[in-house]
Amino acid sequence: MTQPIVFISYSREDEAEKNALLKHLDVLQKAGLIDLWSDDQIKTGADWETEIEQAIARARVAVLLISADFLTSQFVLSQQVPVLLARRQSEGLVIFPVIAKACAWQRVEWLRPMKVRPRHGHPVWRESGRHVDEELATIADEVAAVAGELDPAPIVAIMGRYAPDQGDKLRQAAGPEALALAGEIFEVVLERIKEIDPRAAQKYPDNPEGYQVPLADALAELLQADLDFALRLKGLLGQYEQALSPAGERVTRTGSGVTVQGEGAVGIQQGDQGQVIIGSQIKGDVLGPGASKRDDE
């Protein structure tokens, strides 16, 4: 199984800080959670610009080590940042800015709106480096969460079970704790979807089948743009899976797809081009990768 590539963008002046970050992220790589890429992997004599371009094109997450040197690097600003921002806009690349050293990052137009880490916006390397390992360990944990939980499919599948009858069947199949968590997921997602697609958020509760795709598209956009929101949903999904009764439904990832097993469940696939394909499920019937199934088939 191919792991998500995490691309590291940094200034050569921040080599020591980059190495410290790599040490923490390498824990994730050794655990098989990510495929870490930095320019240290470029072999002598290789076309380094092409190597970097190819790595950016394949990356699922980009970690930017922000400092004054980074924000004044001609190569970074001209060759890396525009491509990363374009992929973020068109393909959902997750950009993960890490404030390494004190700098006026809030004054940079493309960076200011982003969710930076550490959360308070203070640099990792502050107070003579007293907090470096603590901050980088937290950042590594969040990178792992984001790299592994960007797919909206499990969330939409759970909402598809909850929406039609506000969970009456789900209560019987999965128990009251799972039902309460499904309801929380339902409300949290719809509240945020209002910001992107108010019509989908309004119509989905009464017509979940008709508005599955708009909901999935809007949710995917939110997961890509808002790290805190993605982490919150990841936590709720984990609690939901733990709360399921032994005889109840199960959230199962099957290759490129996800199915929620149980009568009337919803199956969602990630297509070859990254599109979300949604179809009904009957008692654990699993859709194959790239396939879709309608109720009338």
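As the structure is a prediction and not an experimental result, all values here were calculated from the model.

Each value, and the rule that gives it
Residues numbered from 1 in each chain as written. Predicted model: local features only at pLDDT ≥ 70, side-chain atom pairs only at ≥ 80, totals over all residues. Heavy atoms only, no water. Salt bridge = Lys/Arg side-chain N within 4 Å of Asp/Glu carboxyl O. Helix = DSSP H or I, 4+ residues; strand = E, 2+ residues; numbered from the N terminus. Buried < 20%, exposed > 50% of the residue type's maximum accessible area, 1.4 Å probe, protein only. Pairing = 2+ DSSP bridges. Axes fitted to C-alpha atoms, helices over the stretch in contact; angles between N-to-C directions. Contact = heavy atoms within 4.5 Å. Core = buried A, V, L, I, M, F, W, Y, C linked by side-chain atoms within 4.5 Å. Expected span 1.5 Å × (residues − 1). Right-handed = clockwise from strand over helix to strand, strands pointing away. Parallel < 35°, antiparallel > 145°, perpendicular 65-115°, else oblique. Left-handed = near helix turned anticlockwise from the far one by under 90°. Patch = residues over 30% accessible without salt bridge, like charges linked within 9 Å, V, L, I, M, F, W, Y side chains within 5 Å. Areas by Shrake-Rupley, 256 points an atom, 1.4 Å probe, with all protein chains shown as cover. Lys, Arg positive; Asp, Glu negative; His and termini not counted. Charge placed at Lys NZ, Arg CZ, Asp CG, Glu CD.

(A) Main features of the pattern of salt bridges. Under the definition given, this model contains 13 salt bridges. Taking the shortest distance from any N to any O, the salt bridge between K101 and D14 comes out at 2.9 Å. Of the two residues, K101 is situated in the loop between β4 (94-99) and α4 (132-148) and D14 in the loop between β1 (5-9) and α1 (15-30); the sequence distance between them amounts to 87 residues. Here K30 makes a salt bridge to D26, at a shortest N to O gap of 2.6 Å. Linking K30 with D26, this pair stays in helix α1, spanning four residues, or about one helical turn. Assessed through its relative accessible area of 65%, K30 is described here as exposed.

(B) Seen up close, the sheet that holds β1. One open sheet accounts for four strands, arranged β2-β1-β3-β4; its pairing is parallel. Each edge of the open sheet carries a strand with a single partner, namely β2 (35-37) and β4. Strand-to-strand twist across the sheet, computed as the mean angle between neighbouring axes with direction ignored, equals 20°. Of the strands in this sheet, β1, β2 and β3 (61-66) are in contact with α1, which crosses β2 at around 165°.

(C) Structural context of the nonpolar core. Counting residues in hydrophobic clusters, the biggest one holds 36 residues, and the most contacted among them are M159, V189, L219, L233 and Y240. Mapped onto this core, the elements with two or more residues apiece are α5 (153-162), α6 (168-174), α7 (176-196), α8 (198-203), α9 (212-225) and α10 (227-243). Among the elements that take part in this core, α7 stands out by supplying ten residues, more than any other. When sequence neighbours within four positions are dropped, the list of residues in contact with M159 reads I185, F186, V189, L190, Y204 and L215. Ranked by size, the runner-up nonpolar core spans 28 residues in total, among them V98, V132, L136 and A144.

(D) Unusual backbone geometry, seen in detail. In the segment running from R117 into P118, the intervening peptide bond is cis, with an omega of -5°. Topologically, P118 is positioned in the loop between β4 and α4. In this model, E127 sits at a positive phi of 50°, which is unusual for a non-glycine residue. Mapped onto the secondary structure, E127 falls in the loop between β4 and α4. You can call E127 partly exposed: its relative accessible area is 44%. The backbone of S128 sits at a positive phi, close to 60°, despite the residue not being glycine. Of note, S128 is situated in the loop between β4 and α4. We classify S128 as exposed; its relative accessible area is 83%.

(E) Broad picture of α7. Look at α7: 31 Å from first C-alpha to last across 21 residues, which is about the 30 Å you get at 1.5 Å a residue. Taken together, the buried positions of α7 are A178, L179, L181, A182, G183, I185, F186, V188, V189, L190, R192 and I193.

(F) Layout of the environment of V189. Structurally, V189 can be placed in helix α7. Sequence-wise, V189 and M159 are 30 residues apart; in three dimensions their C-alpha atoms are separated by 9.0 Å. With sequence-adjacent residues up to four places away left out, V189 is seen in contact with I155, M159, L215, L219, F229 and L233.

(G) Examining the pairing of β4 more closely. Along β4, six of the six residues are buried, which leaves the element largely enclosed by surrounding structure. In this structure, β3 lies alongside β4, joined through six bridges in parallel fashion. Its bridge partner lying in β4, L64 is registered against P97. The parallel pair β3 and β4 is bridged by helix α3 (residues 74-91), and the resulting crossover is right-handed.

(H) Summary view of the packing of helix α2 (residues 48-58) against α3. Viewed as axis vectors pointing N to C, α2 and α3 meet at an angle of 25°, and their least axial separation amounts to 10 Å. With respect to their mutual orientation, α2 and α3 come out roughly parallel. The handedness of the crossing between α2 and α3 comes out as right-handed. Along the contact surface, α2 presents W48, E49, I52, I56, A57 and R58, while α3 presents F75, Q80, V83, L84 and R87.

(I) Geometry of a negative patch on the surface. Taken together, the side chains of D47, E49, E51 and E53 present a region of like negative charge at the surface. Its relative accessible area of 37% is what places E49 among the partly exposed residues.

(J) Main features of α5. α5 sits mainly inside the fold: ten of its ten residues count as buried. The complete set of buried residues in α5 reads A153, P154, I155, V156, A157, I158, M159, G160, R161 and Y162.

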